[in-house]
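Structure assessment
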Amino acid sequence: MVDDKPRYRAWFESLANPAERHPLDEVVYTDAEGGLLQVVHDMDELRKTPGAEWKALFEERAHKNSWPYGSGVWGKKEWVLPEIDNENVVSMYEGHTNLFWAERYGRELGLDDLWLKLCGNTHTGSFKDLGMTVLVSMVKEMIARGKPVRAVACASTGDTSAALAAYAAGAGIPAIVFLPRGKISLAQLIQPVANGAIVFALDTDFDGCMEIVKQVAERDGIYLANSMNSLRIEGQKTVGIEIVQQFDWEVPDWIVIPGGNLGNVSALAKGFDMMLELGLVSRRPRIVCAQAEQANPLYLAYQRDFRVFEPIAARPTLASAIQIGNPVSYRKAVDAIQRFDGIVEQASESELAEACAHADRTGLFNCPHTGVALAVTRKLVDDGRIKPSDRVVVISTAHGLKFVDFKVRYHNMELEGIQSELPNPPIELPADYERVRDTMLREIERRFGA
Ligand SMILES: *Cc1c(COP(=O)(O)O)cnc(C)c1O
């Protein structure tokens, strides 16, 4: 039914002016007016395959290893990047991350049907792998087609650079990353360092790094890997498809996702749009975009019904990967929120830290961005917008192990302005049986009752 001949086609198209199109191997990130491009697929051709057949194909590939279809992204290649040669795909078998029922945490929040989609359980520990496999594959294909690409670069709040560095290193393509000095976790910093990227730690914030990377992309023949480059969205959009697939093609009521540059929330919506258009599902979930109060430009705009948008200077937040004041994908995100009957809600530093700690106590191990989504979920349950019986999926965007510094400080009660309601520092004692026993029995009693 589906073969490798590129019968399916996709191209860049201007959001504002559909007449403006570019091939996907052209070095172009914005339209003639400076607006964002999106990748558009030949839907007429895709529609010739019935929804049920797409489902069967995706499921069949998910259990096989034939290159590159065993990847959660490339298993949907016809919907993602149909024209690329399989030889040029750069994949670390990303995707197919676990979606599980957070029974105990849900119950404590008052939800019967709360699920976590652990996008951090992947090669570099965040969902950024989903998009980066597509972008770096396209770059490899461009180089194979003789296009002049010197290197690939990104500005990052930590996870994009980790993903870029790993995929570029896998393909032998030079990678350059611009990081805001002192504003990312140690694990995130060491990832591109270890993978051999050229790593710049600049005295600025993410938005400042973005300005620099745009200049090198414009002037120095460096290919831009930020989500301004809509190729990444094509990979990231598979997350929604995967969630529905994992629910045997049932659509949940809500999906809660943390948002910074807002590419991911746009991608989530795009995956659902394609499933609807191609007959795999018949309804939309409601989407909640969760922002840190310290970096909340979308939330502020939502408060004013999106009539005005003002970039802000993002203030420091524990959710450092979403400390962004001027989100590149603002327009696409507004469109997604409006079409998916969405909500934008925010969480304070204390709310996100306590939500993380509370959820961790039930066996999770959350990054602070997931903490923002969990805190927002709790608010929506408490004020009745989410009903106790609703099926809710929280997208966990990165692995908690990338953010141990945050957790150590929480449990040592060293986070400024945060109470640490659930601290659990290790108990330091001499190796003396009786003292250990007395303390142990007292702690069992204190924590779990008699
Ligand atoms: C990048 C990132 C986000 C935000 O995604 P956007 O597409 O920028 O909105 C959230 N959480 C983590 C862990 C990230 O790395």
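For the structure, check the block above.
Bear in mind the structure is a predicted one, so any value in this text is a computation, not a measurement.

1. Overview of the site of the ligand
Around the ligand, 14 residues are found, and the nearest of them are Lys128, Asp159, Gly260, Leu262 and Thr397. In this structure, glycine 263 approaches the ligand through a main-chain N or O atom, which is 3.1 Å from an oxygen atom. The contact in question runs from a nitrogen atom of the ligand to an N or O atom on the side chain of threonine 397, over 2.8 Å. In isolation the ligand has 380 Å² of accessible area, and contact with the protein removes 97% of it.

2. Focus: the packing of helix α10 (residues 238–246) against helix α11 (residues 263–277)
As a packed pair, α10 and α11 sit with axes 6 Å apart at the nearest point and diverge in direction by 60°. Judged by the inter-axis angle, α10 sits oblique to α11. Taking contact as the criterion, the partners of Val239, Gly240, Ile241 and Val244 in α10 are, on α11, Leu268, Gly271, Phe272 and Met275. Of the residues that constitute the contact of α10 with α11, the class distribution is six nonpolar, two polar and no charged.

3. Things to note about the side chain of threonine 97
Relative to the helices and strands, threonine 97 resides in the loop between α3 (77–80) and β4 (99–101). Setting aside chain neighbours within four positions, we find threonine 97 in contact with Lys117, Leu118, Cys119, Asn121, Thr122, Glu242 and Gln246.

4. Thoughts on the pattern of salt bridges
Taken as a whole, this structure holds 33 salt bridges when the rule is applied. Measuring nitrogen to oxygen at the nearest pair gives 3.0 Å for the salt bridge that ties arginine 7 to glutamate 45. Highlighted residues: arginine 7 in the segment before β1 (10–14) and glutamate 45 in helix α1 (residues 43–47), separated in sequence by 38 residues. With a relative accessible area of 14%, glutamate 45 lands in the buried category. With a closest N to O distance of 3.9 Å, arginine 391 and glutamate 250 form a salt bridge. Of this pair, arginine 391 sits in strand β13 (residues 391–396) while glutamate 250 sits in the loop between α10 and β10 (254–258), and the two are 141 residues apart along the sequence. Taken together, the shared-partner salt bridges in this structure form one network comprising Asp25, Glu141, Arg145 and Lys147.

5. A few points about the packing of aromatic side chains
What the rule picks out here adds up to eleven aromatic pairs. Note on tryptophan 115 and phenylalanine 247: the rings are 4.9 Å apart at their centroids and 85° apart in plane angle, and the pair reads as edge-to-face. In this pair, tryptophan 115 is assigned in strand β5 (residues 113–118) and phenylalanine 247 in the loop between α10 and β10, connecting sequence segments 132 residues apart. Just as tryptophan 115 is buried, phenylalanine 247 falls in that class too. Members of the aromatic cluster, connected to one another through ring pairs, are Tyr8, Trp54, Phe58 and Trp79. In this structure, lysine 76 packs its charged tip against the face of phenylalanine 58, placed 5.3 Å from the ring centre.

6. Section: the sheet that holds β1
In spatial order, the strands read β2-β1-β3; together these three strands make up an open sheet with antiparallel pairing. Whereas interior strands pair on both sides, the edge strands pair on one side only; in this sheet they are β2 (21–22) and β3 (37–41). As paired elements, β1 and β2 share two bridges and run antiparallel to each other. From the neighbouring strand, glutamate 13 faces β2, where its bridge partner is arginine 21.

7. Examining helix α7 (residues 186–194)
Taken together, the buried positions of α7 are occupied by Gln188, Gln191 and Pro192. In a view along the axis of α7, the buried residues occupy a sector of 80°, so they form one face of it. Away from its buried face by more than 90 degrees, α7 exposes Leu186 and Ala194. Where α7 is buried, its residues touch α6 (159–171), β7 (175–180) and β8 (198–202). Looking at the residues trailing α7, positive phi occurs at glycine 196, about 80°.

Rules behind the numbers
Residues numbered from 1 in each chain as written. Predicted model: local features only at pLDDT ≥ 70, side-chain atom pairs only at ≥ 80, totals over all residues. Heavy atoms only, no water. Near = heavy atom within 4 Å. Polar contact = N/O pair within 3.5 Å; in protein donor to acceptor, adjacent residues only side chain to side chain. Areas by Shrake-Rupley, 256 points an atom, 1.4 Å probe, with all protein chains shown as cover. Axes fitted to C-alpha atoms, helices over the stretch in contact; angles between N-to-C directions. Helix = DSSP H or I, 4+ residues; strand = E, 2+ residues; numbered from the N terminus. Parallel < 35°, antiparallel > 145°, perpendicular 65-115°, else oblique. Contact = heavy atoms within 4.5 Å. Nonpolar A, V, L, I, M, F, W, Y, C, P; charged D, E, K, R; others polar. Salt bridge = Lys/Arg side-chain N within 4 Å of Asp/Glu carboxyl O. Buried < 20%, exposed > 50% of the residue type's maximum accessible area, 1.4 Å probe, protein only. Phe/Tyr/Trp six-rings, centres within 6.5 Å; stacked < 30°, edge-to-face > 60°. Lys NZ or Arg CZ within 6 Å of the ring centre and 35° of its normal. Pairing = 2+ DSSP bridges. Arc of directions from axis to C-beta.

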